[in-house]
Amino acid sequence: MRIALAAAIICLHSANVTLGLDRAMEVAGHFRMVNATVLALFFALSGFLVTGSLLRCKSLISFVGLRVLRIAPALAVETTLSAIIIGPIFTAMPLTEYFADPRFHVYFLNMLGDVHFALPGVFLYNPVPDLVNAQLWTVPYELWCYAILALLAATTICFNRALYLGFLVFAQIGLVWYDIYHSDELFIHLRPHILVFCFLLGVGFYLWRDKVPFNRATGLFALVLCIIGMAGGRSDAIFAVPAAYLACYLGLTNPRRIWIVSSGDYSYGMYLYGFVIQQCVAALGPSLQYWYLNVLISLPIAFGVAVASWHLLEKHALRLKGQLERFETAVLSAFRSWIAHRRRRRVQSHSRPIAEN
């Protein structure tokens, strides 16, 4: 499911990198429901899966640590490769000026979630100039999703599914009211707060997964609602619910696993490297600046790079989970010892006057 969504995003970006943003936005306006639905599915599925990870963790230490291990290493390597290799190859500036430019230095802040899209002089003559990795615009909102989920865990709201359902209803009402108040604003993609809400809906579907009827008829009905509701962009908050249901239903269909799925998780690598690879293809000349050629060339390259990223980096980073768990155990043990020590001192302080009397 995640691989399919990552591939769909590359296909959608092919219009941007070959037509230019203005023309691509014009075209995308006629297929707004596709762009919006793919993003909604991506975030909802992430919420569903990350919640399973949260509930398997002993504490927020391992939860946050696992998120860092999953995201940070590959993001750091992709940022470095883009700046050190892709940039010098495709920049229109002399290399001395390229490396001295402030935009080169701040680009490394992408590793921390502070997103910068441009490298000096890179892809300057592409249909979409100056953009190296445009899909990173979602990274800050993904980090917000994890932070909000951690807060909901710290307050135990997400461990009580009835309470969490009340939280979602409250959020739904607030977002619908916000959409009505801002009904004059139209977005080609989903607004950031709707992306976060889709993630939170995925969390809710995981918590209620034993009660929600996941079946084909309801899935098709949810698909129809998504296509109709997200075409206009004025009621995304309402139709985020069927989008989240659709993501979870498709994810739970559990088809027979092929080697692509069984051999590794390549979706994150495809997401990270897809756009920059598409920009490299577009930079090779006007003869390759057709959306279908861009997809045919970029998609297999992005998949190949994602395979390399998984086997050379990502799966090795995740093997640090054992060390993370040992660190978590040590911290929790020290915390329990400190609590026990505080209790003993409190008991002693209360019992001393009684003994003196």
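Each remark here, short or long, concerns the structure printed above.
Note that this is a predicted model, so its numbers are computed, not measured.

Caption draft 1: Molecular detail of the overall build of the protein chain. Regarding its fold elements, the protein chain presents 15 helices and zero strands. Seen through its C-alpha atoms, the protein chain measures out along the principal axes to roughly 95 × 55 × 45 Å. Relative to its 357 residues, the protein chain shows a buried fraction of 44%. As displayed, the protein chain offers around 18,400 Å² of accessible surface, 68% of which is attributable to carbon and sulfur atoms. Considering the protein chain, the positive charge centre built from 27 side chains and the negative charge centre built from 18 side chains are found 17 Å apart.

Caption draft 2: Representation of the packing of helix α1 (residues 2-19) against helix α3 (residues 32-56). Contact geometry of α1 with α3 gives a least axis separation of 10 Å together with a crossing angle of 150 degrees. Between α1 and α3, the interaxial angle falls into the category roughly antiparallel. Remark: the crossing between α1 and α3 carries left-handed chirality. Facing α1, whose interface residues are R2, L5, A6, A8, I9 and L12, α3 presents V34, N35, V38, L41, F42, L45 and L49. Within the contact of α1 with α3, the residues separate by chemical class into 11 nonpolar, one polar and one charged.

Caption draft 3: Summary view of the packing of aromatic side chains. Overall, the coordinates contain 19 aromatic pairs when judged by the stated rule. Aromatic rings pair up to connect Y98, F99, F104 and F108 into one cluster. Taking the ring centre of Y146 as reference, the NZ or CZ of R67 above it sits at 5.5 Å.

Caption draft 4: Just the layout of surface pockets, in detail. Within this model, the largest pocket holds a volume of roughly 1,600 Å³. For the lining of the largest pocket, the secondary structure elements donating two or more residues are α1, α3, α4 (60-90), α7 (139-154), α11 (236-252), α12 (259-262), α13 (267-282) and α15 (321-356). Looking at which element gives the most residues to the lining of the largest pocket, the answer is α3, with 10 residues. Residues of the lining of the largest pocket, tallied by class, amount to 24 nonpolar, nine polar and 12 charged.

Caption draft 5: Geometry of the nonpolar core. One finds L119, L149, Y164, L190, F199, M230 and L272 to be the most contacted residues of the largest nonpolar core, which totals 87 residues. In this structure Y164 touches L152, I157, C158, L200, V203, G204 and L207, once residues within four positions along its chain are discounted. Core analysis: the second largest hydrophobic core is formed by five residues, V17, L131, A134 and F275 among them.

Caption draft 6: Local environment of empty space enclosed by the protein. Within this structure, the stated rule accounts for two cavities of 30 Å³ or more. Taken as a whole, the largest cavity holds about 40 Å³ of empty space. In this structure, the largest cavity is lined by I71, L75, V139, E142, L143, Y268 and Y271. Listing elements by their share of the lining of the largest cavity, those giving two or more residues are α4, α7 and α13. No other element matches α7, which puts three residues into the lining of the largest cavity. Tallied by class, the residues present in the lining of the largest cavity amount to six nonpolar, no polar and one charged. Counted as a void, the second largest cavity has a volume near 30 Å³. If you go around the second largest cavity, the residues you meet are A6, I9, I10, H13, Q135, M270, Y271, G274, F275 and Q278. Tallied by class, residues from the lining of the second largest cavity come to six nonpolar, four polar and no charged.

Thresholds, definitions, all that
Residues numbered from 1 in each chain as written. Predicted model: local features only at pLDDT ≥ 70, side-chain atom pairs only at ≥ 80, totals over all residues. Heavy atoms only, no water. Helix = DSSP H or I, 4+ residues; strand = E, 2+ residues; numbered from the N terminus. Buried < 20%, exposed > 50% of the residue type's maximum accessible area, 1.4 Å probe, protein only. Areas by Shrake-Rupley, 256 points an atom, 1.4 Å probe, with all protein chains shown as cover. Lys, Arg positive; Asp, Glu negative; His and termini not counted. Charge placed at Lys NZ, Arg CZ, Asp CG, Glu CD. Axes fitted to C-alpha atoms, helices over the stretch in contact; angles between N-to-C directions. Parallel < 35°, antiparallel > 145°, perpendicular 65-115°, else oblique. Left-handed = near helix turned anticlockwise from the far one by under 90°. Contact = heavy atoms within 4.5 Å. Nonpolar A, V, L, I, M, F, W, Y, C, P; charged D, E, K, R; others polar. Phe/Tyr/Trp six-rings, centres within 6.5 Å; stacked < 30°, edge-to-face > 60°. Lys NZ or Arg CZ within 6 Å of the ring centre and 35° of its normal. 1 Å grid on protein atoms, 1.4 Å probe; cavity = no way out; pocket = protein on both sides within 12 Å on 5 of 7 lines; lining within 4 Å. Points joined across faces, edges and corners; volume = space filled by probe spheres on them. Core = buried A, V, L, I, M, F, W, Y, C linked by side-chain atoms within 4.5 Å.

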